[in-house]
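The residues making up each chain are set out below.
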Amino acid sequence: MLIFTDLDGSLLDHDGYSYEGARPALERIRRLSVPLVFVTSKTRAEVERLQEAMGLREPFVAENGGGIFFPAEYGNFRIPGGVERGGRTLIRLGRPYPEIRRFVEERKARFGIRGAGDLSVEDLVEMTGLSPEEAYLAKQREFTEPFLLDDDSALAALGREALAAGLKITRGGRFHHLIGAGQDKGEAVKRTLLIVRDNLGGEVLSIGIGDRPNDIPMLAAVDIPVLIPHPDGRYEGIDLPNLVKATCPGSRGWNEAVGGILDRFGKT
Ligand SMILES: [Mg+2]
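K.L.:
Hey, could you run me through the domain arrangement of the chain in this one?
P.N.:
Often the size quoted for an interface is simply the accessible area lost on bringing the parts together. For the chain, the assigned domains are domain 1 (2–94 + 184–264) and domain 2 (97–180). Counting residues at the interface gives 22 residues for domain 1 and 20 residues for domain 2. Interface area for domain 1 against domain 2, summed over the two sides, is near 1900 Å², with a carbon-plus-sulfur share of 51%. Taken as a group, Tyr 17, Arg 49 and Glu 63 account for 32% of the area that domain 1 buries against domain 2, more than any other trio of residues on that side.

K.L.:
Teacher, can you tell me more about the sheet that holds strand E13 (residues 244–245) here?
P.N.:
In a beta sheet, neighbouring strands pair by backbone hydrogen bonds and run either parallel or antiparallel. Within the open sheet, the nine strands sit side by side as E5-E6-E4-E3-E2-E1-E11-E12-E13. Their pairing is mixed. Strands with a single pairing partner mark the edges of an open sheet, and in this sheet they are strand E5 (83–85) and E13. Alignment of strand E12 (residues 224–227) against E13, held across two bridges, turns out to be parallel. In the sheet register, Leu 227 faces E13, and the bridge partner there is Lys 245.

K.L.:
Looking at this structure, how should I read the nonpolar core?
P.N.:
In summary, soluble globular proteins display a tendency toward joint burial of nonpolar side chains. Residues Leu 11, Phe 38 and Trp 254 are the most contacted members of the largest nonpolar core, which totals 33 residues. Those elements that provide at least two residues to this core are helix H1 (23–32), strand E2 (36–39), helix H2 (44–54), strand E3 (60–62), strand E11 (206–210), E12 and helix H9 (250–264). Per element, the largest residue contribution to this core is five residues, and it comes from H9. Among all residues touching Phe 38, those that are not within four sequence positions of it are Thr 5, Leu 7, Leu 11, Val 47, Leu 50, Gln 51, Met 54, Leu 56, Pro 59, Phe 60 and Val 61. In this structure, Val 37, Ile 68, Ile 195 and Val 204 belong to the second largest nonpolar core, which totals 21 residues.

K.L.:
Which parts of the structure should I look at to understand the packing of helix H3 (residues 97–111) against helix H6 (residues 155–164)?
P.N.:
For any two helices packed against each other, the geometry comes down to the angle between their axes and how far apart the axes lie. Closest axis-to-axis distance for the H3/H6 pair is 12 Å, and the angle between their directions is 160 degrees. On the basis of their axis angle, the class for H3 and H6 is roughly antiparallel. Relative to H6, H3 is oriented so that their crossing is right-handed. Mapping the contact onto sequence places Phe 103, Arg 107, Arg 110 and Phe 111 in H3 and Ala 157, Leu 158, Glu 161 and Ala 162 in H6. When its residues are assigned to classes, the contact of H3 with H6 shows five nonpolar, no polar and three charged.

K.L.:
Sorry if this is basic, but what is going on with the pattern of salt bridges here?
P.N.:
A pair can form between side chains of opposite charge whenever their charged atoms are brought close. Applying the stated criterion to the full structure yields 29 salt bridges. Linking Glu 142 and Arg 44 is a salt bridge whose minimum nitrogen-to-oxygen distance equals 3.1 Å. Separated by 98 residues along the polypeptide, Glu 142 in the loop between helix H5 (132–138) and strand E8 (145–149) and Arg 44 in helix H2 bring together distant segments of the chain. The pair formed by Glu 142 and Arg 44 is uniform in burial state, with each residue classed as buried. Linking Asp 118 and Lys 108 is a salt bridge whose minimum nitrogen-to-oxygen distance equals 2.9 Å. Taken as a pair, Asp 118 in the loop between strand E7 (113–115) and helix H4 (121–128) and Lys 108 in helix H3 lie far apart in primary sequence, ten residues in all. What makes Asp 118 partly exposed here is its relative accessible area of 27%. Judged by its relative accessible area of 27%, Lys 108 falls in the partly exposed class. Three or more residues joined by partner-sharing salt bridges are found here, namely Arg 44, Glu 48, Arg 85, Arg 88 and Glu 142.

K.L.:
Before we go on, may I ask you to explain the coordination of the magnesium ion in this structure?
P.N.:
Under perfect tetrahedral coordination by four donors, a metal shows angles of 109.5 degrees; under perfect octahedral coordination by six donors, it shows angles of 90 or 180 degrees. Around the magnesium ion, the protein supplies Asp 6 (OD), Asp 8 (O) and Asp 211 (OD) as donor atoms, at distances of 2.1 to 2.2 Å. Ordering the donors of the magnesium ion by residue number gives the pattern D-x1-D-x202-D. One end of the pair, Asp 8, is in the loop between strand E1 (2–5) and H1; the other, Asp 211, is in the loop between E11 and helix H8 (216–220), with 203 residues separating them in the sequence. Residue class for Asp 8 comes out partly exposed when judged on its relative accessible area of 25%. A residue is classified by how much of its surface remains accessible, and Asp 211, at 3% relative accessible area, is buried.

K.L.:
Would you take a moment to explain the sheet that holds strand E9 (residues 167–171) for this structure?
P.N.:
Pairing in this open sheet of four strands is antiparallel, and the strands run E7-E8-E10-E9 from one edge to the other. The open sheet is flanked by E7 and E9, the only strands paired with a single partner. Adjacent strand axes in the sheet meet at a mean angle of 35 degrees, parallel and antiparallel pairs treated alike. Bridging between E9 and strand E10 (residues 176–180) involves five bridges; their strand directions are antiparallel. Within E10, the position partnered with Ile 169 by the bridge is Leu 178. Packed on one face of the sheet, H6 meets E7, E8, E9 and E10 and runs near 140 degrees to E9.

How each quantity is defined
- Position labels on residues start from 1 in each chain and follow its written sequence.
- In view of the model being predicted, local features appear only for residues whose pLDDT reaches at least 70, and side-chain atom pairs are presented and counted only at 80 or more, with totals across whole chains, interfaces and linings using the full set of residues.
- Side-chain figures throughout are based on the complete set of non-hydrogen atoms in the structure, without hydrogens or water.
- Where each domain begins and ends follows an automated or database-derived domain assignment.
- Should any heavy atoms of two residues lie within 4.5 Å, those residues are counted as being in contact.
- Once two parts are put together, the accessible area they lose, assessed with a 1.4 Å probe and summed over both, is termed the buried area.
- Any two strands are treated as partners once DSSP identifies two or more bridges connecting them.
- A run of H or I in DSSP counts as a helix once it spans at least four residues, and a run of E counts as a strand once it spans at least two, with each numbered from the N terminus.
- Only buried residues count toward a nonpolar core, which is a set of Ala, Val, Leu, Ile, Met, Phe, Trp, Tyr and Cys residues joined through side-chain atoms within 4.5 Å.
- Think of it in three bands: with a 1.4 Å probe and only protein chains considered, a residue is buried below 20% of the maximum accessible area for its type, exposed above 50%, and partly exposed in between.
- Interaxial angles span 0 to 180 degrees and are taken between N-to-C directions of axes, which are lines fitted to C-alpha atoms, for helices over the stretch in contact.
- Roughly parallel means an angle under 35 degrees; roughly antiparallel, over 145; roughly perpendicular, 65 to 115; everything else is oblique.
- In a left-handed crossing the near helix is turned counterclockwise from the far helix by less than a right angle, and in a right-handed crossing that turn is clockwise.
- Each residue receives one of three labels: charged for Asp, Glu, Lys and Arg, nonpolar for Ala, Val, Leu, Ile, Met, Phe, Trp, Tyr, Cys and Pro, and polar for the others, Gly being one of them.
- Only one rule defines a salt bridge in this text: a Lys or Arg side-chain nitrogen within 4 Å of an Asp or Glu carboxyl oxygen.
- Water is absent from the atoms considered, so a metal site may look incomplete; donors are defined as N, O and S atoms within 2.8 Å of the metal, or 3.2 Å for Na, K and Ca.

This is how it looks when you write it as structure tokens:
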């Protein structure tokens, strides 16, 4: 069993970013040695800090599938296409950040774009409720650009220009994200599963947990997709085989859904 999870709004509460409500299921997963793979729009620096706080040393997917990072603990894995990056093995699926910034710079005025690269740490703190240190880590970008538009009605036109430039737009909890046309959370999950299956030589039951449109490709790529409701209780409108709908938002919904799946497979 392998669990892929979105962070903000799924494992972490939308407001406050706490995973307190998921502690019982997290404890079970740890006891059962089920790998927990974060698949997030957060940066590598943000994920490293969270993994450290949680005592996790597992692969993770940063920046909406821009990069898959395997830790040194997976040093005996064959990872085709992997390159060394900061003590981890990186599979890059995204585009270089400077290229994405150039795209934003050239259209900033015309489309009324405010990208993460245009925002100060103080701006980000105000907009997201992150601490200044967390906001600093969120600005350490490698593959993608979160952004807001003055007027969302320009989104379709911007999306067309993005596609022409080899990019695309996806939507998370707070921001739109400019990402490489060939990347998303689903591609990263498929690639990770291939590598794990190749190296372990067996079948893996995959679970994927998310709450927003940028999670849908991930949910479509796993055996058991789990949909977490938004803070107002509504769900993204998707229909997938085996879909599990958590009954409450954030970490408490995560806890309940994962606990239920572990029960169903007799993993106590
Ligand atoms: Mg989310």
